[in-house]
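Letter by letter, the chains look like this.
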Amino acid sequence: MAEQRLQCDVAIVGAGPAGLSAAAMAAERGARVLVVDAQPQAGGQVWRRDVRLGEATAANALRARAEAAGARLLSRSEVVAAAGRQLLLNGDGPLTLEYGKLVLATGARELLLPFPGWSLPGVTGAGGAQALAKQGAPVQGRRVLVAGSGPLLLASAATLKRHGARVLGIHEQASGSQLRAFAAGLWRWPGKLLQAAQLRARLAGVPYVSGSHVLRALGDGRLQAVELQQGSRREIIECDQLACGFGLVPNTELAQQLMCRLRQQGRHAVVVVDDYQRTSNPDVLAAGEACGIGGVDCAVAEGCIAGLAAAGADAAATHYFSRRQHARDFAALLHAHFTLGQAVRQLADADTLVCRCEDVRLADLAGLYDARTIKLMTRCGMGPCQGRVCGPALAEIADLPHPGLRPPVFPVPLNVLAALPAGIQADPFPGVMK
């Protein structure tokens, strides 16, 4: 298939809350806007379309607004690589997109921490379980245990219950005192307080246990039970599925390839931006979770700012500054009270797989103290996920920095690789963290 070429004033990667907000704002200012997303429908992870219940109202409204202003969505397309002011995409075949300004709204992915039995069939991330249910995976009547940390546990449990699962309990690793302190600070965000109350109402009858975390998953060939640490005692609960979520990790791979400056936020890298969401690359802006995990309200505000700035409307962008700060303050409250405890980071034993793609055990990393050596000596991070799972996990459990990726960003057919533009960034460690 011959390579196609497209041009636009503002290209946006990601059709979640940040990307759709940026698209609407830029298009309404007269810019030619093209949004690239890997999914069939817009909405991102948080507004993922539910095959049974339909699309989220917020996603529909934003998409309709962007399309009414002339923005175009290129779905089922992934960015393979970037060079200069062009992106190489893989959809039905190789496609080169040339842009004036680029907005990265690449979102985040789940943080999965290894523990004994985590690779058993039936063990998923909390967000992964929610996405599977929305996409039609059969959960009717299944006994599901939800564990980990953060508000995503409630959202995941509510979705699973709505699709017919028997949610046996929600086990939050944060202590009761941490949860009470978090609740006491919610007066500044009454909408969040209402949202939490609505979720708990949907989960009536489902136990919510604080100070409790997974120790190991048990089963012969598939998940059959989960052992939990609840304060000073241990308990084994029989179940069919474990949805275990430990937070989110910003997707910064494309920003690295575009030589955008990154910085460490906790144990993971985020994209550095100015007040107008501009990165250190003058042609690139970033918004949403790639700039630090902030939630949907923050993503929308930052997307609005980035879209207006990309279209040259800096004065209008300042209108959203206070909304962004309010959302970032809420994210800081979440982080302060749901930070993972050391016990959760030390769940893996010597025989626990830390790289499922390449069957690397924690014991195999003994005596290896940097990510590059680990990759060379054990192939950890060289499987299909390209370190997206084991890299952040090792950053959490062993304080190891996660190296960047060479292009392509995702596995692609050879005809797409052959279309890589000359001078493509091939440095495995671009975007030096400062």
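All figures in this text were calculated on a predicted structure; none of them were measured in a lab.

Now for the overall build of the protein chain. Across its full length, the protein chain holds 14 helices and 21 strands. By the compact-globule yardstick of 22 Å for 434 residues, the protein chain fits well, its C-alpha radius of gyration being 21 Å. Expressed along its principal axes, the backbone C-alpha trace of the protein chain runs to roughly 60 × 50 × 40 Å. Per-residue burial over the protein chain gives 52% buried out of 434 residues. Contacts in the protein chain between residues far apart in sequence, at least 24 positions, make up 67% of those at least 6 positions apart. Accessible surface, the protein chain as shown: approximately 18,700 Å² in total, 53% of it carbon and sulfur.

This part is about the environment of Arg 166. The residue Arg 166 is located in strand 10 (residues 166-172) in this model. A relative accessible area of 48% means that Arg 166 is categorised as partly exposed. In sequence terms Arg 166 and Leu 308 are 142 residues apart; their C-alpha atoms lie 45 Å from each other. Non-local contacts of Arg 166, meaning those with residues more than four positions away in its chain, are made with Gly 141, Arg 142, Arg 143 and Val 144.

A few words now on the nonpolar core. By size, the foremost hydrophobic cluster in this structure holds 27 residues, and its most contacted members are Val 10, Ile 12, Ala 23, Val 33 and Val 103. Looking at this core, the elements that each hand over two or more residues are strand 1 (4-13), helix 1 (17-28), strand 2 (33-36), helix 2 (57-68) and helix 8 (296-310). Here the element with the most residues in this core is helix 1; it accounts for seven residues. In this structure, Val 103 is in contact with Val 10, Ala 11, Ile 12, Val 13, Ala 22, Leu 285, Ala 306 and Ala 310, ignoring residues within four places of it in sequence. In this structure, Leu 87, Ala 255, Ala 269 and Ala 290 belong to the second largest nonpolar core, which totals 26 residues.

Topologically, Cys 355 is positioned in strand 20 (residues 353-355). You can call Cys 355 buried: its relative accessible area is 2%. Other than its neighbours up to four places away in sequence, Cys 355 contacts Val 360, Cys 380, Gly 381 and Cys 390.

Before going further, it helps to examine the sheet that holds strand 14 (residues 233-238). Taken together, the three strands give an open sheet; going across it, the order is 12-13-14, and neighbouring strands pair in antiparallel fashion. At either end of the open sheet lies a strand with only one pairing partner, and these are strand 12 (212-218) and strand 14. The average angle at which neighbouring strand axes cross in this sheet is 25°, direction not considered. One ladder, built from six bridges, connects strand 13 (residues 225-230) with strand 14; its direction is antiparallel. Note on strand 14: the bridge partner recorded for Val 226 is Ile 237.

Moving on to the confidence of the model for the protein chain. Counting all residues, the mean pLDDT for the protein chain is 89, and 94% of those residues have values of 70 or more. Confidence drops under a pLDDT of 50 for residues 425-434, and excluding neighbours within four residues, the segment shows 32 contacts in the predicted structure.

With that settled, consider the pairing of strand 5 (residues 86-90). Counting buried positions along strand 5 gives five out of five residues, so the element sits mostly inside the fold. Residue alternation in strand 5 divides its side chains into two sets, Gln 86, Leu 88 and Asn 90 and Leu 87 and Leu 89, and both sets are buried. Bridge analysis of strand 4 (residues 78-83) against strand 5 gives five bridges, and the strand direction is antiparallel. When the bridges of strand 5 are listed, Ala 82 appears paired with Leu 87. Two successive antiparallel strands, strand 4 and strand 5, enclose a turn made up of two residues, where Gly 84 displays a positive phi of approximately 60°. Examined bridge by bridge, strand 5 and strand 6 (residues 94-104) share five bridges and lie antiparallel to one another. Within strand 6, the position partnered with Asn 90 by the bridge is Pro 94. Hairpin connection of strand 5 to strand 6: three residues between the antiparallel strands.

Further remarks concern the sheet that holds strand 8 (residues 123-124). The strands making up a sheet are joined through hydrogen bonds of the backbone, oriented either antiparallel or parallel. Spatially, the five strands line up as an open sheet ordered 8-15-9-10-11, and their pairing is parallel. Looking at strand neighbours, the two that pair on one side only are strand 8 and strand 11 (208-209), the edges of this open sheet. Note that strand 10 and strand 11 share two bridges and pair parallel. Residue pairing in the sheet places His 171 in a bridge with Val 209 of strand 11. Sitting on the sheet, helix 3 (residues 126-134) is in contact with strand 8 and strand 15 (241-245), with an inclination near 125° to strand 15. Here helix 4 (residues 152-162) sits on the sheet in contact with strand 9 (143-148), strand 10, strand 11 and strand 15, set at roughly 175° to strand 10.

Turning our attention to the packing of helix 1 against helix 2. Packing of helix 1 against helix 2 leaves a shortest axis separation of 8 Å and a crossing angle of 30°. Classified by the angle between their axes, helix 1 and helix 2 sit roughly parallel to one another. Handedness of the crossing formed by helix 1 with helix 2: left-handed. Residues Pro 17, Leu 20, Ser 21, Ala 23, Ala 24, Met 25, Ala 27 and Glu 28 of helix 1 form the contact with helix 2, whose own contacting residues are Ala 59, Leu 62, Arg 63, Arg 65 and Ala 66.

Summed over all chains, the structure comprises 19 salt bridges. Lys 101 serves as the salt-bridge partner of Asp 283, at 3.9 Å between the closest nitrogen and oxygen. Residue Asp 283 is found in the loop between strand 18 (268-271) and strand 19 (284-286), and its partner Lys 101 is found in strand 6; the two are separated by 182 residues along the sequence. The class for Asp 283 is buried, based on a relative accessible area of 16%.

Basis of the calculations
Residues numbered from 1 in each chain as written. Predicted model: local features only at pLDDT ≥ 70, side-chain atom pairs only at ≥ 80, totals over all residues. Heavy atoms only, no water. Helix = DSSP H or I, 4+ residues; strand = E, 2+ residues; numbered from the N terminus. Rg over C-alpha atoms; globule rule 2.2 N^0.38 Å. Buried < 20%, exposed > 50% of the residue type's maximum accessible area, 1.4 Å probe, protein only. Contact = heavy atoms within 4.5 Å. Areas by Shrake-Rupley, 256 points an atom, 1.4 Å probe, with all protein chains shown as cover. Core = buried A, V, L, I, M, F, W, Y, C linked by side-chain atoms within 4.5 Å. Pairing = 2+ DSSP bridges. Axes fitted to C-alpha atoms, helices over the stretch in contact; angles between N-to-C directions. pLDDT = per-residue confidence, 0-100. Parallel < 35°, antiparallel > 145°, perpendicular 65-115°, else oblique. Left-handed = near helix turned anticlockwise from the far one by under 90°. Salt bridge = Lys/Arg side-chain N within 4 Å of Asp/Glu carboxyl O.

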